[in-house]
Amino acid sequence: MLNPMTSIELVPSEPEPAGISVDNVGRSFGSVHAVRDASFVATPGSVTGLIGPNGSGKTTLMLMLASLLQPDAGSILVDGHDPVTQTAAVRARLGWMPDVLGSWSSLSVRDALIFTARMYSMDRAAAAIRAAELIALVDLTELADSPTRVLSRGQKQRLSLARALVHDPTVLLLDEPASGLDPMARAQLRILVRRLASEGKTFLISSHVLSELDEMADGAVYISQGVTASAEALARSRASARPWRIRSSDVVALRAALVAAGIDEAAIVTDRTELIVALEGEPAASALLARLVNAGVAISTFAPAVGDLEHAFIDLSSEESK
Amino acid sequence: MSAFFSGVGVIFALELRQRVRSISWYILLAVFVGLILIVTVLLSFAYYGFGAADDGGGGIYSTIIYFVLLLGTLVAPALSGNAINGDRDAGTLATTQVTLITTGQLIFGKFLAAWVTALAFLAAAVPFLIYATVVGRLGIGTILVSTLVLALELGMVAAVGVGLSGLMSRPLFSIVASYLIVAGLSVGTLIAFGLGGLAVQTPVTNTYSYGQEYGPDGAAITCSAPVTSEYSAPRFDLFWGALVANPYVILADAVPTAYDQYDQPTDLFGFIKLSVRMAQQAPETATVFDECAPGNVSTYDDGPTARETIESTTPGWAVGLGIQLLLAGGLLVGAHSRTKTPVAKLSRGSRIA
């Protein structure tokens, strides 16, 4: 006789797809289609930028990810959970830093963080400890016991970041996190984001400051008129002509060498002591640099005139308007 | 369940911390106490001026309790009418909603905080209520019941305010709408009762025959042929539901009545209660009076006493509180469905964060 006790098998549980997964998501408000078709994946340990012109649907997408707005179409998974049907599970894993800087104005920074922690079911003692850690983390120690209404914009921004981190979430949505921050605080933000990402957290950051996202983000999602750019469009954008900035102590020799290299003289833009030329793709740039060096031109700067993200942003935006 | 209430407790504590720290709240409280003090002092002088030494005080001192109700229902909407949409304007609603706090916890916590804040005003008025009771000889039942009813009415107004602040997107409009509901209950119910009762009339047939010859004992021997007259009577009994939704009526109706030796009420609340209870009774549609009928000698039926009327009719305060509970509860449920996230349907012009 078979003993049923010996035949118990452990059913391997489905591995939870971590990070953010957005699949053909759409949302309209009446006749306005704020988001029409958005699809992208953000993986744990990576920082993904969300880029698009004003009114392109970035904030609507963020609100749907933050479990505040239901999509009309498509599906969203945050660490494997659907924000509409498994709202509490998503909220336990998700930190959201909104672009609106709201704070309980009569509470101190410390109390605001303690109350937020308690909203995540932490007890008083744990909440107080967590608040103290976060105050140190975002460098608000001197203002810890001042009411939040006296904070400057940048300080409120840092409080908002601390609030998003209260429950040690695995997925973070940051909406314009760097606006209002001074260069020092921006550098700190970048270091903090990179450190948390290296610990395995998933970041989605929307920003208008593309140069800054360039330094922080591993990849980017472009959204325009409610539609995320396809992989093909991105590849096309990478291959398309973009301006390069070349500096030399001898501009005349540089210009002559460029013309000799087959570049139309009328297409060369002069910007103070630098010349800007349009080149298609990295191989073309490498080839040109090699030629210029071989020709004996003293090159001190040879770099893209705009960042990767900005180039893609402008390229895709102009493609959209065609 | 305890998890639900610990979340409610967090919202409640947060709301109280924000309110009690504002200076305007203390100024409002001081103005409130000052007004009651002035009214109490003036009424006391008026009382001595009347020289009513023994029982005239009841009517006057009942008005102090009414004044507390008036001021309380005027203050409460201001304390609750922007609870939810004010947070949305300040940018703190969405950041609360992305936490593990549920919409039910949020609304219930805000309602409790608004109620407790309003109860602070009642607590400040309690010494005046005790003074009114003692000097007006109103009895211990009066102070206990009237304080309880005042507390419930403040809760009702707090719930209306929080409910409307969830249903309407602009704080100004929801506060004004809360005041309109308070006005509707305090004044509108009286108008609805009066106009409704007068608009619906019932024809009444009155048949009577009067005595023409009287015997030695004074009883009529021969009577006239029956004479019929018709008139119409207002049907206030159909509209007493509107009357008892009135906070002032509920307060008067709920307070236990003291009677004098003729079974008449001794204070203002008692008289109001009597008239509210009499409004429940439908007018008789046919009255017959025959002076020659046997037994109808010279006895004249006084009808039921005030005590009998009050004791035999439906307690209006229970019906009134039921109506208010439905109103306040309905608004809170409505606020819940409008505030719930993730939002499926967003009404025009409103926003989330």
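Per chain, residues are indexed from 1 in the order of the written sequence. Here chains are named by letter from A upward and ligands by number from 1 upward, in the order in which they appear as written. Local features in this predicted model are restricted to residues whose pLDDT is 70 or higher, and side-chain atom pairs enter the listing and the counts only when it is 80 or higher, whereas totals over whole chains, interfaces and linings include all residues. Values reported for side chains reflect all heavy atoms of the structure, with hydrogen atoms and water molecules removed beforehand.

Residue and element names in this part refer to chain A. Compared with the 22 Å implied by 1.5 Å per residue over 16 residues, the 23 Å span of helix α6 (residues 183-198) between its first and last C-alpha is a close match. Each residue is placed in one exposure class: buried if its accessible area under a 1.4 Å probe, protein chains only, is under 20% of its type's maximum, exposed if it is over 50%, and partly exposed if it falls in between. Numbering of helices and strands runs from the N terminus; a helix is a DSSP stretch of H or I covering at least four residues, while a strand is a stretch of E covering at least two. If you check which residues of α6 are buried, you get Ala-185, Leu-189, Leu-192, Val-193, Leu-196 and Ala-197. Within α6, the buried residues cover an arc of 130° as seen down the axis, which keeps them to one side. Exposed and oriented more than 90 degrees from the buried face of α6 are Pro-183, Met-184, Ile-191 and Ser-198. Note on definitions: a residue-residue contact is assigned when non-hydrogen atoms from the two residues lie within 4.5 Å. Among the structural elements, β3 (47-51), α4 (124-137), α5 (153-164), β6 (171-175), β7 (202-206) and α7 (210-216) are those in contact with the buried residues of α6. Downstream of α6 by a residue or two, Gly-200 has a phi angle that is positive, lying close to 105°. Multiply 1.5 Å by the residue count of a helix minus one, and that product is the helix's expected span. Starting at the helix axis, one direction is taken to each C-beta atom, and the arc is that of these directions.

Taken together, the side chains of Ile-23, Ile-27, Val-31, Leu-35, Ile-38 and Leu-42 of chain B make up a nonpolar region of the molecular surface, amounting to roughly 580 Å² of accessible area. Relative to the assigned elements, Ile-23 of chain B resides in helix α2 (residues 23-50). Exposure above 30% relative accessible area and the absence of a salt bridge qualify a residue for a patch, where like charges join within 9 Å and nonpolar side chains (Val, Leu, Ile, Met, Phe, Trp, Tyr) within 5 Å. Method for areas: the Shrake-Rupley scheme with a 1.4 Å probe, in which residue coverage is limited to the protein chains shown. Each salt bridge in this description consists of a side-chain nitrogen of Lys or Arg and a carboxyl oxygen of Asp or Glu lying within 4 Å of one another.

All right, on to the interface of chain A and chain B then. Taken together, the 29 residues of chain A in the interface contact 26 residues of chain B. Throughout, the accessible surface (probe 1.4 Å) given up by two parts as they are put together, summed over both, is called the buried area. Between chain A and chain B lies a buried interface of about 2,600 Å² when both sides are counted; carbon and sulfur atoms form 67% of it. Taken together, the links from chain A to chain B amount to one salt bridge. Residues Arg-17 of chain B and Asp-111 of chain A are paired through a salt bridge, measuring 2.3 Å at the closest nitrogen-oxygen approach. Counted as a polar contact is a pair of N or O atoms within 3.5 Å, where, for protein atoms, one must be capable of donating a hydrogen and the other of accepting one, and residues adjacent in sequence contribute only when both atoms are in side chains. Our count for the contact surface shared by chain A and chain B stands at eight residue pairs in polar contact (both at pLDDT 80 or more). Looking at the side of chain A that touches chain B, the elements with two or more residues in it are β1 (20-29), α2 (87-93) and α3 (109-119) of chain A. Per-class residue counts for the side of chain A that touches chain B are 17 nonpolar, seven polar and five charged. Note on residue categories: nonpolar means Ala, Val, Leu, Ile, Met, Phe, Trp, Tyr, Cys or Pro, charged means Asp, Glu, Lys or Arg, and polar means any other residue, Gly included.

We define a nonpolar core as any set of buried Ala, Val, Leu, Ile, Met, Phe, Trp, Tyr and Cys residues linked to one another through side-chain atoms lying within 4.5 Å. Formed by 74 residues in total, the largest nonpolar core has its most connected members in Ile-20, Phe-40, Leu-61, Leu-65, Leu-113, Leu-173 and Phe-203 of chain A. The element that contributes the greatest number of residues to this core is α6 of chain A, accounting for six residues. Viewed by domain, this core spans two of them, domain 1 (20-228) and domain 2 (241-321) of chain A, each represented by three or more residues. Residue contacts for Ile-20 of chain A: discarding those within four places in its chain leaves Phe-40, Val-41, Ala-42, Leu-65, Leu-77, Val-171, Leu-173, Thr-202 and Leu-204 of chain A. Counting residues in each nonpolar core, the second largest holds 68 residues, with Val-10, Ile-64, Leu-79 and Val-149 of chain B among its members. Residue ranges for the domains trace back to a domain assignment, done automatically or taken from a database.

Our focus in this paragraph is the pairing of β1 of chain A. Residue and element names in this part refer to chain A. As paired elements, β1 and strand β4 (residues 73-78) share five bridges and run antiparallel to each other. Within the sheet, the bridge partner assigned to Gly-26 lies in β4 and is Ala-73. Here the rule is simple: two strands pair whenever DSSP picks up at least two bridges between them. Where β1 and strand β2 (residues 32-42) come together, seven bridges link them in antiparallel fashion. Across the sheet, Arg-27 pairs through a bridge with Val-35, a residue of β2.

Bringing the sheet that holds strand β4 (residues 227-234) of chain B into the picture now. Strands belonging to one sheet form pairs held by backbone hydrogen bonds; the direction of such a pair is parallel or antiparallel. Residue and element names in this part refer to chain B. Pairing within the open sheet is mixed, and its three strands lie in the order β4-β1-β5. Every interior strand has two partners, whereas the edge strands, β4 and β5 (286-290), have only one. For this sheet, the mean angle separating the axes of adjacent strands, direction not counted, is 20°. Axis angles are defined between N-to-C directions and span 0 to 180 degrees, where every axis is a line fitted to C-alpha atoms and, for a helix, only to the segment in contact.

All names here are of chain A. Parsing chain A into structural domains produces domain 1 (20-228) and domain 2 (241-321). Contacts between the two partners involve ten residues from domain 1 and, on the opposite side, nine residues from domain 2. Between domain 1 and domain 2 the total buried area reaches about 830 Å² when both faces are included, carbon and sulfur atoms providing 71% of it. Counting the surface domain 1 buries against domain 2, the share from its top three residues, Leu-210, Asp-214 and Tyr-222, is 57%.

Our next topic: the sheet that holds strand β13 (residues 299-304) of chain A. Residue and element names in this part refer to chain A. Within the open sheet, the four strands sit side by side as β11-β12-β10-β13. Their pairing is antiparallel. Pairing within the sheet leaves two strands with one partner each, and these edge strands are β11 (269-271) and β13. Adjacent strand axes in the sheet meet at a mean angle of 30°, parallel and antiparallel pairs treated alike. With five bridges connecting them, strand β10 (residues 241-248) and β13 associate as antiparallel partners. Its bridge partner being in β13, Ile-246 is matched across the sheet by Phe-302. The strands touched by helix α9 (residues 251-260) are β10, β11, β12 (274-280) and β13; relative to β12, the strand with the most contacts, the crossing angle is about 20°. The strands touched by helix α10 (residues 281-294) are β10, β12 and β13; relative to β12, the strand with the most contacts, the crossing angle is about 135°.

In this model, Thr-341 of chain B is joined to Pro-342 of chain B through a cis peptide bond whose omega is -5°. With respect to the secondary-structure elements, Pro-342 of chain B resides in the segment after α13 (316-339). Phi at Asn-24 of chain A is positive, roughly 50°, even though this residue is not glycine. Inspection of the secondary structure assignment puts Asn-24 of chain A in strand β1.

Another point: the confidence of the model for chain A. When pLDDT is averaged along chain A, the result is 86, and 93% of the positions lie at 70 or above. pLDDT expresses how confident the predictor is about each individual residue, on a scale running from 0 to 100. Across residues 1-12 of chain A, where pLDDT falls below 50, the model places zero contacts with residues more than four positions away in sequence or in other chains.

Glancing now at the packing of aromatic side chains. The pairing test for Phe, Tyr and Trp rings, Trp by its six-membered ring, is centres within 6.5 Å, and the orientation test on the planes gives stacked under 30 degrees, edge-to-face over 60, and tilted for anything in between. Inspection of every chain in the model, using the stated rule, returns 13 aromatic pairs over all chains. With centroids separated by 5.7 Å and ring planes inclined at 40°, the aromatic side chains of Trp-244 of chain A and Phe-302 of chain A adopt a geometry described as tilted. Of the two residues, Trp-244 of chain A sits in strand β10 while Phe-302 of chain A sits in strand β13, which places them 58 residues apart along the sequence. On the basis of relative accessible area, Phe-302 of chain A is assigned to the buried category, the value being 18%. Relative to Phe-108 of chain B, the ring of Phe-5 of chain B has its centre 6.1 Å away and its plane inclined at 65°; by these criteria the two rings are edge-to-face. Pair noted here: Phe-5 of chain B is in helix α1 (residues 2-20) and Phe-108 of chain B is in helix α6 (residues 103-135), with a separation of 103 residues, a long-range link. Phe-108 of chain B gets classed as partly exposed once you look at its relative accessible area, which sits at 29%. Members of the aromatic cluster, each reached through a chain of ring pairs, are Phe-4, Phe-5, Phe-108, Phe-111 and Trp-115 of chain B. Placement of a charge over a ring requires the Lys NZ or Arg CZ to be within 6 Å of the ring centre, with the centre-to-atom vector within 35 degrees of the ring normal. Between the NZ or CZ atom of Arg-163 of chain A and the centre of the ring of Trp-104 of chain A, over which it lies, the distance is 5.9 Å.

Attention shifts here to the domain arrangement of chain B. Residue and element names in this part refer to chain B. The assigned domain composition of chain B is domain 1 (2-193 + 317-339) and domain 2 (201-311). Here domain 1 meets domain 2 over a buried area of about 2,400 Å², counting both sides, of which 75% is carbon and sulfur. Inspection of the domain 1/domain 2 interface yields zero salt bridges. On the surface where domain 1 and domain 2 come into contact, there are six residue pairs in polar contact (both at pLDDT 80 or more). Counting residues per element, the ones that place at least two in the side of domain 1 that touches domain 2 are α3 (57-80), α7 (140-167), α8 (171-199) and α13. Looking at the side of domain 1 that touches domain 2 element by element, the count peaks at nine residues for α3.

Take the side chain of Ser-206 of chain A next. As for its position among the elements, Ser-206 of chain A is in strand β7. Discounting chain neighbours no more than four positions away, the residues touching Ser-206 of chain A are Leu-50, Lys-58, Met-62, Leu-174, Asp-175, Glu-176 and Pro-177 of chain A.

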